[in-house]
Structure formats: structure tokens, C-alpha cells
Amino acid sequence: MQADTSAKINLTFDAKNYETMTGTVDNKTITYRAFEYIPYVSNPIDIDQQYLNIYVPEEYFNNGTINGYTTQTAPIFMPNSVGGYMPSQPMVPKAENGKPNSALYALSRGYVVASPATRGRTNKASDGNYIGKAPAVIVDLQAATAYLHANDAAMPGNANRIITNGTSAGGAVSLLQGAAGNNVDFQPYLQALGAATAPTDVYASSAYAPITNLDAADMAYEWSYNGITSFDKVSIGQGELPQANVSGNAAPPKRTTQRVTLNTDDVAYSNLLKEHFPDYVNNLQLRDSIGRVLRLDKNGDGSFKAYVKAFIIDAINKAQANGTDVSKHTYVIRDAKTGAIKDINWEAYNRFVSRSKAPGAFDSRSNDSGENNLFGTSTSDNNHFTITAALHDTTSNQDVYVENAKIVTMMNPMNYLGSPAATNARYYRIRYGTADSNTSMAIPLIVGTRAQNLGYRVDMATPFNVDHSGDYDLEELFNWMDSIVK
Ligand code: DHB
């Protein structure tokens, strides 16, 4: 079934247009209604990328309740399947090897599921122009959110309880949905698309391995991985990104690794980026959970580093308490008398994880990363998006700095958290595995800490030895969702 573009697209939810489907969770059959290929804008640029699928447990059409929710009160789970800032299709409820994906599991917990397709950095129109460069993905997610708010009365589920979810680039845009609700920056884009005239804010945001805060991420990466000069560079092809493994989702793209040794230029650039990071962190004036200021000295040492290490130490302790043998990890420092884990060796830990990207991890000096590709324009495929990389560009092309620097700010939740001009979600759940080197662990922790410092409830952890992946703890994820809704 494809959306019909010949008639004028209206944005009214049609409760009669569905197919009944079933799935199995924990040996229980889940029956649900599938409302698929619903355009969420009346003037789409690409109808194949601007529609959403909605799934509703059958019980809600018979005055039933699930998990204490009714058709009126059921929260709306809004997962995206964005990976690598590429075009994405909706998440469809399914199970693989008996394991439900997040959309199917959500139905079993009584949630309404609304999952949008979104444009991405490689989408082209028939004239060859790019149509999915930043900020397209967040504009599309906001347009889909506006659709849900506009149709709240006609649709099952409570649009005041939308909870977003995503992994990696998808985690980043999930956080951005949480931070940037109702901000005027996105209005011209929404209007041009004919989005529903309705709020774009969400109740809560969940993110796994978010590749976010892109314009600060190069500095953070070198704060973590400076000194590592030989490493396995991970990619899935020219200019592509190593996308995350999401349980129950389609098989992740095949990754290739290539042994890379940094040259003296790379090392100098790593040193430069690392040296910039303390100023960035100190200017944020972040605080820990009891109000102590998180800072770094010019060498990159200080309370912020201790704070990041504490998350890792906590993860090791939890893993050990659950029976994981952590003894082979020589970066773990134990108390000689009690054997209690008291610290980690920071350099040894980062050597163990290792880098997977060269310095200029996101804004590559050669202007060829996935993120460079995200900040292209309708006619130029790739651009720099930090001054530092533009100044140190290694290509022969002079004009490679992003055309509209405002767009860079629009992709970063840090610019909306705490802004009186945005409606911030009040609840965040952030996971970043200790074995993931797709960004610096500092990055997701900075975003979560900012939200926490604003008084929002933030559930933040760095699960032990988890690599770049998401949706691996669905029961806990939905327990958290229940706890913030009920
Ligand atoms: C993703 C991974 C990356 O390493 C990156 O830089 C951006 C996105 C991803 O898996 O979505």
C-alpha cells in the first residue's frame, strides 16, 4: 500500500482505515490494528519519507485496559529507526528469534505506537537536489509529532504522553525532539511542508548511544582517545557510518574495519581538539547530582573526568554484582585490602575501548564523514560544520563551510535545553555502553547532566561492555516509561 498523492492530503486520522495484525510476546498473542502509510504533512517533499505508521492494541477498541491504561490514557511510544543520519522507514512491530522489537513489545505493555519515516542526508529529488540534509530529520519528526497532537481526540492514546526513542543518530534526534519542542526555529520548515498546526513537544525522551552535540563532539572524542594512534577504523562503505545494532530491527549493515595509523598531522590535530575541550566543558557550568561544579584543567583532568569515571565504575560494580567476571579488565583498580573497585585507569580504559575514528571524528578535515554529509545543502553534498575543521580543511575546495550556521545549532539539543523559547521534555533516559567508541562517553553524559541540572528527571547509565547498540533492555525501558507516566 502506498499513500495516495493524487488527492489533496488531509491530516485527519481515519480510524476506519486499518488492517488487523498479530504478534507474539512471551508466548502471548498480541492483536493490534495497523494504520500505515499516513502522510504527516499536507505538502510533502518526498511522500515515501514523510508518513507514519500507527499501531494500536485491539483491546482499546473494546473498552479494554492493558497494564492499567485505556484508549484515553495509553502513552504514545514514538520510536524512530534513524541510523547514520540516513533516510529512515517506520519501525514495524515484529519479533526476530523470538525477541520482540520495541514496537511490538510496546503494544504488549499497552502503549500506542507511532513511528514515522523521515528524510535523511542522501535523499534526492528527481532534479538531483538533496532534500534530506539537516534539519530535515528533526523537522519531519516534529511534523509527525504535530500530527499526533492535532489528532489527539480522534486517535487512541494520549498525545500529552508521547515518549520518543531511538539509537545512535536516532537517539540524537530523539533527544532533540525532547529538547526543541515548539521552538520557532523549526516553524518556517513545518509551515512549508504543511504540517498540522499543533504543538511539537513530547513528554519524555529515550536515547541509546546518541551521536549528538555534533559541533562539540570532535573535542570530546580527542579528550577520550588522544594518544591512541593505531586503531581499527570502522565503516560500512564510502562516507558511511557504522550503524548501531538494534535488537529485533533489520540486520545492521555489514561493517568493515581497516587498520589505520595516525600521521603527525593527525596527532597534532588531536592535540589541538583535546586542548579546546576543557574550555567547552567549563563554560557549560555543569554540576553533579549534589551540586558540585564539574570542571577540567588545561590537561583535561578534574572533577568532570572523575564524574565520567564514576559512571564507568558504577557500571563495572553492577556487572560484577550480576555475576559478570570483570577480572580480565586490567584498567579496573581495586582496593588492595578489600578488593572493592575504587577507580579505573582512564588511559588504559580508553585504550581498551580504542578509537574507531580519526581526529576530526565528526567534522572530518577531509570533509567526507557522514556528519559532513548531513550538513550539505540542496546542491552541495558535504560541508564542514565547525570553524576548527573548516580552518584545517585538507581538501582543495575553499567553500566547504556550512552555508547556514544556524542549522548546526538546530541539530544540537544543548541549544534548546533550558531555553525559555522551547518546551523541554521533563524526563530523559540515556544509555551509552562502556565499549562504544562511536562518540566520546562525555557527550551523552553532558546532555543528560544539563537536563538534570535544569531539574528534569534523568535516568542515565553506561552499561558495562555494551557496544554501539540499542533497545537491549526493553523491560527496564518500559518500566521507566510506566514510572514517569503513572
Ligand atoms: C551513527 C554512528 C556513528 O558513528 C555516527 O558518527 C553517526 C551515526 C549511527 O549508528 O547512527
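Higher on the page you've got the structure.
Residues numbered from 1 in each chain as written. Predicted model: local features only at pLDDT ≥ 70, side-chain atom pairs only at ≥ 80, totals over all residues. Heavy atoms only, no water.

(A) Expanded view of the pairing of strand E2 (residues 28–39). With seven bridges connecting them, strand E1 (residues 19–25) and E2 associate as antiparallel partners. Of the residues in E2, the one forming a bridge with Glu-19 is Ala-34. Hairpin remark: E1 followed by E2, antiparallel, with two residues in the connecting loop; positive phi at Asp-26, about 50°. In the sheet, E2 pairs with strand E3 (residues 51–57) via six bridges, with the strands oriented antiparallel. Counterpart to Arg-33 in the pairing with E3 is Val-56. (Pairing = 2+ DSSP bridges. Helix = DSSP H or I, 4+ residues; strand = E, 2+ residues; numbered from the N terminus.)

(B) Broad picture of the pattern of salt bridges. One pass over the structure, following the stated rule, counts 15 salt bridges. Between Asp-266 and Arg-365 there is a salt bridge, with the nearest N and O atoms lying 2.6 Å from each other. Of the two residues, Asp-266 sits in helix H6 (residues 264–284) while Arg-365 sits in the loop between helix H8 (346–353) and helix H9 (370–374), which places them 99 residues apart along the sequence. By relative accessible area, Arg-365 is classed as buried at 11%. With a closest N to O distance of 2.5 Å, Asp-301 and Lys-305 form a salt bridge. In this structure Asp-301 comes out as partly exposed when scored by relative accessible area, which is 32%. (Salt bridge = Lys/Arg side-chain N within 4 Å of Asp/Glu carboxyl O. Buried < 20%, exposed > 50% of the residue type's maximum accessible area, 1.4 Å probe, protein only.)

(C) Representation of unusual backbone geometry within the structure. The amide bond that connects Ala-134 to the next residue, Pro-135, takes the cis arrangement and shows omega of 5°. Residue position: Pro-135 is located in the loop between strand E7 (112–116) and helix H2 (136–150). Although it is not a glycine, Asp-26 adopts a positive phi angle of roughly 50°. In this structure Asp-26 comes out as exposed when scored by relative accessible area, which is 69%.

(D) The arrangement of helix H7 (residues 303–321) in detail. Taking 1.5 Å as the rise per residue, H7 with 19 residues should run 27 Å; its terminal C-alpha atoms sit 26 Å apart, in good agreement. Just downstream of H7, Gly-323 is the residue with a positive phi angle, here 95°. (Expected span 1.5 Å × (residues − 1).)

(E) Fine view of the packing of aromatic side chains. Scanning the model with the defined rule gives 25 aromatic pairs in all. For the ring pair Phe-277 and Phe-304, a centre distance of 6.1 Å and an interplane angle of 70° mean the geometry is edge-to-face. Taken together, the positions of Phe-277 in helix H6 and Phe-304 in helix H7 put the pair 27 residues apart, joining distant regions of the chain. Grouping residues by exposure puts Phe-277 and Phe-304 together as buried. A network of ring pairs unites the aromatic residues Trp-223, Phe-277, Tyr-280, Phe-304, Tyr-331, Trp-346, Tyr-349 and Phe-352 as a single cluster. One cation-aromatic arrangement involves Lys-486 over Tyr-69; the distance from NZ or CZ to the ring centre is 4.8 Å. (Phe/Tyr/Trp six-rings, centres within 6.5 Å; stacked < 30°, edge-to-face > 60°. Lys NZ or Arg CZ within 6 Å of the ring centre and 35° of its normal.)

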